[in-house]
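# Breakdown of the fold
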Amino acid sequence: MALYLGVMSGTSLDGLDIALIEQREQTHLLATHYTPMPSDLRQALLALCASGPDEIARAALAENRWASLAAEGIKQLLASQGLDASAIRAIGSHGQTIRHEPAREFTVQIGNPALLAELTGICVVGDFRRRDVAAGGQGAPLVPAFHEALFSHLGQRVAILNVGGFSNLSLIEQDQPVRGFDCGPGNVLLDAWIERKRGQTYDADGAWAASGQIIDTLLDKLLADPFFASSGPKSTGREVFNLPWLDAHLAALPAYRDEDVQATLLELTARSIIDSLLGAQSGTEALLVCGGGARNSALMGRLAALLPCAQVSSTAAHGVDPDWVEAMAFAWLAHCCLERIPANRPSVTAARGLRVLGAIYPA
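Since the structure is predicted, the reported quantities are computational estimates derived from the model, not experimental observations. Numbering of residues begins from 1 in every chain and follows the order in which that chain's sequence is written. Reporting in this predicted model follows two pLDDT cut-offs: at least 70 for local features of residues, and 80 or more for side-chain atom pairs to be given and counted; totals over whole chains, interfaces and linings ignore these cut-offs and use all residues. Each side-chain value is derived from all of the structure's non-hydrogen atoms; neither hydrogens nor water enter the calculation.

### Regarding the overall build of the chain
- When you go through the chain residue by residue, the secondary structure sums to 14 helices and 13 strands.
- On C-alpha atoms alone, the chain measures out to a radius of gyration of 20 Å, which is about the 21 Å that the 2.2 N^0.38 rule sets for 363 residues.
- On the principal axes, the C-alpha backbone points of the chain span a range of 60 × 50 × 40 Å.
- With 363 residues in all, the chain has 55% of them scored as buried. The numbering of helices and of strands both runs from the N terminus, where a helix is a DSSP run of H or I of at least 4 residues and a strand a run of E of at least 2. For this measure, only C-alpha atoms enter the radius of gyration; the expected value for a globule follows 2.2 Å times N^0.38, where N is the number of residues. The classification of residues rests on relative accessible area computed with a 1.4 Å probe and restricted to protein chains. Under 20% of the type maximum is buried, over 50% is exposed, and intermediate values are partly exposed.

Here you go:
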């Protein structure tokens, strides 16, 4: 038995998810902790997603703050469980992605794992993506191998859908290597649009989107982006899908209501997911959803309507809390690194072969 911690902050930048797992033959979630992201740190990290002055210093300062925030959350979680740092074998820290451009052979996550190890007194495994990119892969998504470990026992054609800032699918079939890829924007455009128009960081339960009507001409233009026509392996990020990308399409519209744009963006998320799934795995029997999108009933309703021949549910239906799957995955990836278990999947990322992922920062 070994205990690991996983730390994850995604493209929504709302906060840090921290999961405590027990790793035996199977992975068991023991406890969780959520640390909200301070607004000034969120803005600093968002600004680093695009070129700007003094980037190196700004990135160094931001990642130090990120590591300090993660360390404080970890201490609070351990205290709540009556655990000492010595009880934890390692922390798997994803860090914060600020650039992801595998076509140019680089991906950048910041989070200063050396400082995190120093502040917690626990071994940290970080920098999971770059080894796969070095081997010619996309470096993302990394969670399909973990999804396979969690759900391959279901014994049917299963798709695991993670909807965070971006959406990605893991396709699991018996006697076949797991496949997976990014589908496109998940919550990233929905969150950005409602923040611009209503000052809210997210559309709770998809209520604002549900109040609008889909703008068919806009949806067609958005879905015409070359990313959606390409097949996996593929990954994407804010470099491709962002408010300027949306604004360029909106400029061609004679008029629109803000809520109708939100409805169209939700449909873009749902359609890009289901179109990708139908093109990659026909006869899917179950679609299990995790990430923040699993809490969006409007989105879940559209996914079910667009995939009537499959059971669409949250991963909670199979005993895995949808809010914590990604944080659990990075705890599991730390375990794989320390045990020298390859954790990428060439069938997902198109890397030249299996690789042990991560860099180790001893306590």
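Picking up after the structure, the text goes on.
### Remarks on the packing of aromatic side chains
- A pair of Phe, Tyr and Trp rings is counted when the ring centres sit within 6.5 Å of each other, with Trp represented by its six-membered ring. The angle between the planes then sorts it: under 30 degrees is stacked, over 60 is edge-to-face, the rest tilted. In this structure the tally under the stated criterion is seven aromatic pairs.
- Note on F146 and W332: the rings are 5.5 Å apart at their centroids and 45 degrees apart in plane angle, and the pair reads as tilted. Placement of F146 in helix α5 (residues 144-151) and of W332 in helix α13 (residues 325-338) is noted, with a sequence separation of 186 residues between them. W332 matches F146 in its accessibility class, with the two residues each being buried.
- Taken together, the ring pairs connect F227, F228, F241 and W245 into an aromatic cluster.
- Directly above the ring of F227 sits K234, whose terminal nitrogen or CZ lies 4.2 Å from the centroid. In this scheme, Lys NZ or Arg CZ marks a charge over a ring once it lies within 6 Å of the ring centre and within 35 degrees of the ring normal.

### Observations concerning the sheet that holds strand β1 (residues 2-8)
- Following DSSP output, two strands are said to pair if at least two bridges run between them. Across the sheet, six strands lie side by side as β3-β2-β1-β4-β7-β13; this open sheet has mixed pairing. Of all the strands in the sheet, the pair left with one neighbour each is β3 (27-36) and β13 (359-361). Between one strand axis and the next, the sheet turns through 20 degrees on average, direction left out of account.
- For strand β2 (residues 15-23) and β3, the ladder comprises nine bridges, and the chain directions are antiparallel. The residue bridging I18 from the neighbouring strand is H33, located in β3. Every axis in this analysis is a line fitted to C-alpha atoms, fitted for helices over the stretch in contact. Angles between the N-to-C directions lie between 0 and 180 degrees.

### Here's the deal with the sheet that holds strand β9 (residues 166-172)
- An order of β10-β9-β8-β11-β12 is seen for the five strands of this open sheet, with the pairing classed as mixed. Every other strand in the sheet has two partners, leaving β10 (179-185) and β12 (311-314) as the edge strands with one partner each. Geometrically, the sheet is characterised by an average inter-axis angle of 20 degrees between neighbouring strands, direction not taken into account.
- In this sheet, β9 lies alongside strand β8 (residues 158-163) in antiparallel orientation, the contact comprising six bridges. Bridge pairing links N162 to N168 in β9.

### What about the UniProt feature "binding site: ATP" (unreviewed entry) in the chain?
- UniProt positions are given in the numbering used here, feature names are shortened, and annotations may be inferred rather than shown by experiment. UniProt marks G10, T11, S12, L13, D14, G15, L16 and D17 with the feature "binding site: ATP" (unreviewed entry), using the numbering shown here. Restricting the annotated residues just mentioned to those that line the second largest pocket leaves T11 and S12.
- Assignment of secondary structure puts S12 in the loop between β1 and β2.
- Contact between two residues is taken to exist if any of their heavy atoms lie within 4.5 Å; hydrogens are not considered. Residues in contact with S12, not counting those within four places in the same chain, are R42, D191 and R238.
- Relative to the helices and strands, L16 resides in strand β2.
- Setting aside anything within four residues of it in sequence, one finds L16 in contact with V7, M8, S9, H33, Y34, T35, M37, W66, L69 and A70. Method remark: on a 1 Å grid restricted to protein atoms, a set of points is classed as a cavity if a 1.4 Å probe fits but cannot get out and as a pocket if it is open with protein on both sides within 12 Å along at least five of seven lines; lining residues have an atom within 4 Å of a point.

### Focus on the side chain of H94
- Looking at where H94 falls in the secondary structure, it is placed in the loop between β4 (90-93) and β5 (96-101).
- Engagement of the side chain of H94 in a polar contact is seen with the side chain of R129, the distance being 3.2 Å.
- In this view, H94 contacts V7, M8, S9, Q109, R129 and F330; residues no more than four positions away in its chain are not counted. Polar contacts, as used here, are pairs of N or O atoms within 3.5 Å; protein pairs need one atom able to donate a hydrogen and one able to accept it. Residues neighboring in sequence count only if both atoms are side-chain atoms.

### Quick notes on empty space enclosed by the protein
- Grid points are joined across faces, edges and corners, and a volume is the space filled by probe spheres set on the points. Applying the stated criterion to the full structure yields one cavity of 30 Å³ or more.
- Of the pockets and cavities examined, the largest cavity occupies roughly 40 Å³.
- Residue assignment for the lining of the largest cavity shows that the elements contributing at least two residues are α5 and α14 (346-349).
- Polar here means any residue other than Ala, Val, Leu, Ile, Met, Phe, Trp, Tyr, Cys and Pro, which are nonpolar, and Asp, Glu, Lys and Arg, which are charged; Gly is therefore polar. Partitioned by chemical class, the residues of the lining of the largest cavity number six nonpolar, two polar and one charged.

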